[in-house]
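Architecture at a glance
Spelled out from the first residue to the last, the chains are:
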Amino acid sequence: MTKPEFKPDAVLNAEIDKTFKADEYEPLGKPVYVKKETALDAMSDKGYEESYLGDAIRFKMKRDQKRFWAGDNISDYVSEEDKEILINEATEAFELVLDRLLIDRENDPNSRGTARRLAKMYFNEIMAGRYDPSPSATSFPNDSEDRYEGMLVVRSELRSMCSHHHQPVVGVAYIGIIAAQHLIGLSKYTRIAQWCARRGTLQEELANDIAREIEKATGAKDLGVYIQATHGCCENRGIMAHSSLTQTTVLRGAFKDDSGTKKEFFDNIKLQQEFAPR
Ligand SMILES: [Zn+2]
């Protein structure tokens, strides 16, 4: 038997013409342009035909120089209708993985629907934060005379997974801000944190992502994010460490520069932990 010849990925290695073609774009008031076509249209791009929608979307992102790492949100490129098609395509691919692992998915009743379950779980649950747009956070003005000026600390439970091994990352984020000109609902902090977490991630990146999105939603320049989490890739494999905890901290503005604010943040975390030990 001869080995099949290795073929490099046609999409990732495609030659792409990156010159700007005005007729492909719609002006949105100078100098902002938006692409005319939707993801499905990209499938029939001149000179480029793909049988998988996933390949067409990858092609588009590559052409637009849009990064699509495991921790990146790509919701601008994936519509709700696309998702259904992508789940079907991923099911087919997971079936192949199970076949290559020599698991009898035809006769083993527990493995029969596994490929589809995996595809749905990735798109709708453990990586949903890649495909869903950011949770809308209505903000309320905080500019009256008796406005809240203190520190706000919210505890958010997190479920994520590492990009390296696709193993679960389980932990808690403590988000602290000094209230700015507007406030968002308390549950929104956790919704934003979970949206950032439900992707392939590195804990160091996750803390930065949460800080950036909270800043976007609240306008607060003074903020801190402290995450403590356990990593399946250290517990279930590799060093098999049972109770190793990884801690990451991002501090901005007064949280970074003012030792009193910093101390108050960590004192608050201690109080939170007394109230709700992990
Ligand atoms: Zn890992």
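Residues numbered from 1 in each chain as written. Predicted model: local features only at pLDDT ≥ 70, side-chain atom pairs only at ≥ 80, totals over all residues. Heavy atoms only, no water.

This part covers the confidence of the model for the chain. Scored by pLDDT, the chain has a mean of 87; 86% of the residues are at 70 or more. Contacts for the low-pLDDT stretch residues 30-36, under 50 throughout, to residues beyond four places or in other chains number 18 contacts. (pLDDT = per-residue confidence, 0-100. Contact = heavy atoms within 4.5 Å.)

On to the pattern of salt bridges. Taken as a whole, this structure holds 15 salt bridges when the rule is applied. Among the ionic pairs, Arg105 bridges to Asp99, the shortest N-O distance being 2.8 Å. Between Glu215 and Lys221 there is a salt bridge; the shortest N-O distance is 3.0 Å. Salt bridges sharing common partners tie together Asp209, Arg212, Glu213 and Lys216. (Salt bridge = Lys/Arg side-chain N within 4 Å of Asp/Glu carboxyl O.)

What the second largest pocket holds in volume is close to 690 Å³. Listing elements by their share of the lining of the second largest pocket, those giving two or more residues are α2 (53-63), α3 (80-100), α4 (114-126) and α5 (128-131). Sorting elements by how many residues they give to the lining of the second largest pocket places α3 first, with six residues. Taken together, the residues of the lining of the second largest pocket break down into 17 nonpolar, two polar and five charged. (1 Å grid on protein atoms, 1.4 Å probe; cavity = no way out; pocket = protein on both sides within 12 Å on 5 of 7 lines; lining within 4 Å. Points joined across faces, edges and corners; volume = space filled by probe spheres on them. Helix = DSSP H or I, 4+ residues; strand = E, 2+ residues; numbered from the N terminus. Nonpolar A, V, L, I, M, F, W, Y, C, P; charged D, E, K, R; others polar.)

Which parts of space are left empty comes out when a probe the size of a water molecule is rolled across the atoms. Counting across every chain of the model gives one cavity of 30 Å³ or more. Taken as a whole, the largest cavity spans an internal volume of roughly 40 Å³. Looking at the largest cavity, the residues that line it are Leu158, Ser160, Val169, Val170, Gly171, Val172, Gln203, Leu206, Ile227, Gln228 and Ala229. Listing elements by their share of the lining of the largest cavity, those giving two or more residues are β4 (151-162), β5 (168-178), α7 (203-218) and β8 (223-231). In terms of residues, the lining of the largest cavity owes the most to one element, β5, which gives four residues. Its residues placed into classes, the lining of the largest cavity shows seven nonpolar, four polar and no charged.

Moving on, we come to the environment of Gly219. Relative to the helices and strands, Gly219 resides in the loop between α7 and β8. In this structure the C-alpha to C-alpha distance between Gly219 and His182, which are 37 residues apart in sequence, comes to 7.3 Å. Sequence-distant contacts of Gly219, that is, excluding residues within four places in its chain, are made with Ala180, His182 and Ile214.

In this section: the pairing of β8. When a strand is regular, its side chains alternate between the sheet's two faces. In terms of burial, β8 is largely enclosed, as nine of its nine residues are buried. Where burial is concerned, the two faces of β8 agree: the one with Leu223, Val225, Ile227, Ala229 and His231 and the one with Gly224, Tyr226, Gln228 and Thr230 are both buried. As paired strands, β5 and β8 are joined by nine bridges and run antiparallel to one another. Paired with Val169 across the two strands is His231, which belongs to β8. Relative to strand β9 (residues 246-252), β8 is paired through seven bridges, and the arrangement is antiparallel. Paired with Val225 across the strands is Val250, a residue of β9. (Buried < 20%, exposed > 50% of the residue type's maximum accessible area, 1.4 Å probe, protein only. Pairing = 2+ DSSP bridges.)

Of all hydrophobic cores here, the largest spans 27 residues; its most connected members are Leu158, Tyr189, Leu206, Ile210, Ile214, Val225 and Ile227. Breaking this core down by element, the ones donating at least two residues are β4, β5, α6 (186-197), α7 and β8. When residues no more than four places from it in sequence are discounted, the contact partners of Ile227 are Leu158, Val172, Ala173, Gln203, Leu206, Ala207, Ile210, Thr246, Gln247 and Thr248. Ile57, Met61, Val78 and Leu98 belong to the second-largest nonpolar core, a separate cluster that totals 18 residues. (Core = buried A, V, L, I, M, F, W, Y, C linked by side-chain atoms within 4.5 Å.)

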